[in-house]
Amino acid sequence: MSLTVTEHALVLHILTQLRDENTPHEAYFSLTHTLSRILLIEATRYLPLASFPMRTPMEETTGARISKPIVLVPILRAGLGMLSAATELLPSAKIGFLGLQRNETTAIAESYYCKLPEMVSATAIILDPMLATGGSAEQAIVRLMTEGVEEIILVCAVASPEGVEYLTEHFPDVHIVVGALDRCLNAQKYILPGLGDFGDRLFGT
Ligand code: PRP
Ligand code: URA
């Protein structure tokens, strides 16, 4: 598994606003959108390209285009905040939805929705702002592998060391791109310093 912690001044600047307890719900979508654009540019850096002959107004040359089908997979709910940035960058990508919710007592994710396009041979980009225990990401990864996906890239705003370690051990081929690797989980399996419950802050619940 490869882990990329995106070291970019704008990432730290935007994440600080997302973390701030005084940042209101109405600012969250726009901040999430901008942050997601940067994270996705990093996450798509090494997508496979195919070259083809083409013409500029000046001469014949060689063009490059993304050669594999891409499926964006936002994890409901919070991953929806990252979707508009992803579709802007990858307008031809198909979109699959996985609904996962952590049980408030056990912190174990339960699946409540799944609607995926054809996944065989695709590159799946999982969108989920928070990687805490890694349980939600694990369920998503297992489901996508079962569907025959070729490569998985997981894009998160904030991750815990525990979650990264868990995924590293169990899914060595998954690439993870995060905005920040935080200190640890608390007893309720929330990330510290973190930003609280991303879904609640994004949707105002
Ligand atoms: C959050 C977050 C991740 C998950 C991470 O979702 O968006 O999906 O928790 O935690 P984990 O790594 O311990 O599984 P949540 O279950 O709160 O649902 P929501 O997006 O509907 O708020
Ligand atoms: N989900 C969140 O939204 N925040 C956390 O800190 C952990 C899981």
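The present account deals with the structure reproduced in this document.

**Digging into the packing of aromatic side chains**
Then, number 1: Tallied over the entire structure, the rule returns two aromatic pairs.
Then, number 2: Pairing F29 with F203 gives two aromatic rings, centres 5.9 Å apart and planes at 80°, and the pair type is edge-to-face. Highlighted residues: F29 in helix 2 (residues 25–43) and F203 in helix 6 (residues 198–203), separated in sequence by 174 residues.
Then, number 3: You can call F29 partly exposed: its relative accessible area is 38%.
Then, number 4: A cation over an aromatic ring shows up here: R65 above the ring of F52, its NZ or CZ 3.8 Å from the ring centre.
Then, number 5: A cation over an aromatic ring shows up here: R102 above the ring of Y190, its NZ or CZ 5.1 Å from the ring centre.

**What to know about the site of ligand 1**
Then, number 1: In the vicinity of ligand 1, 16 residues are found, and the nearest of them are R102, D128, A132, T133 and S136.
Then, number 2: Taking G134, its main chain carries an N or O atom lying 2.9 Å from an oxygen atom of ligand 1.
Then, number 3: Out of a free accessible area of 500 Å², ligand 1 has 93% covered by protein chains.
Then, number 4: Among the elements of the structure, strand 6 (97–102), strand 9 (130–131) and helix 4 (135–146) are those that each provide at least two residues to the shell around ligand 1.
Then, number 5: In terms of residues, the shell around ligand 1 owes the most to one element, strand 6, which gives three residues.
Then, number 6: Residues of the shell around ligand 1, tallied by class, amount to six nonpolar, six polar and four charged.

Parameters and conventions
Residues numbered from 1 in each chain as written. Chains lettered and ligands numbered in written order. Predicted model: local features only at pLDDT ≥ 70, side-chain atom pairs only at ≥ 80, totals over all residues. Heavy atoms only, no water. Phe/Tyr/Trp six-rings, centres within 6.5 Å; stacked < 30°, edge-to-face > 60°. Helix = DSSP H or I, 4+ residues; strand = E, 2+ residues; numbered from the N terminus. Buried < 20%, exposed > 50% of the residue type's maximum accessible area, 1.4 Å probe, protein only. Lys NZ or Arg CZ within 6 Å of the ring centre and 35° of its normal. Near = heavy atom within 4 Å. Polar contact = N/O pair within 3.5 Å; in protein donor to acceptor, adjacent residues only side chain to side chain. Areas by Shrake-Rupley, 256 points an atom, 1.4 Å probe, with all protein chains shown as cover. Nonpolar A, V, L, I, M, F, W, Y, C, P; charged D, E, K, R; others polar.

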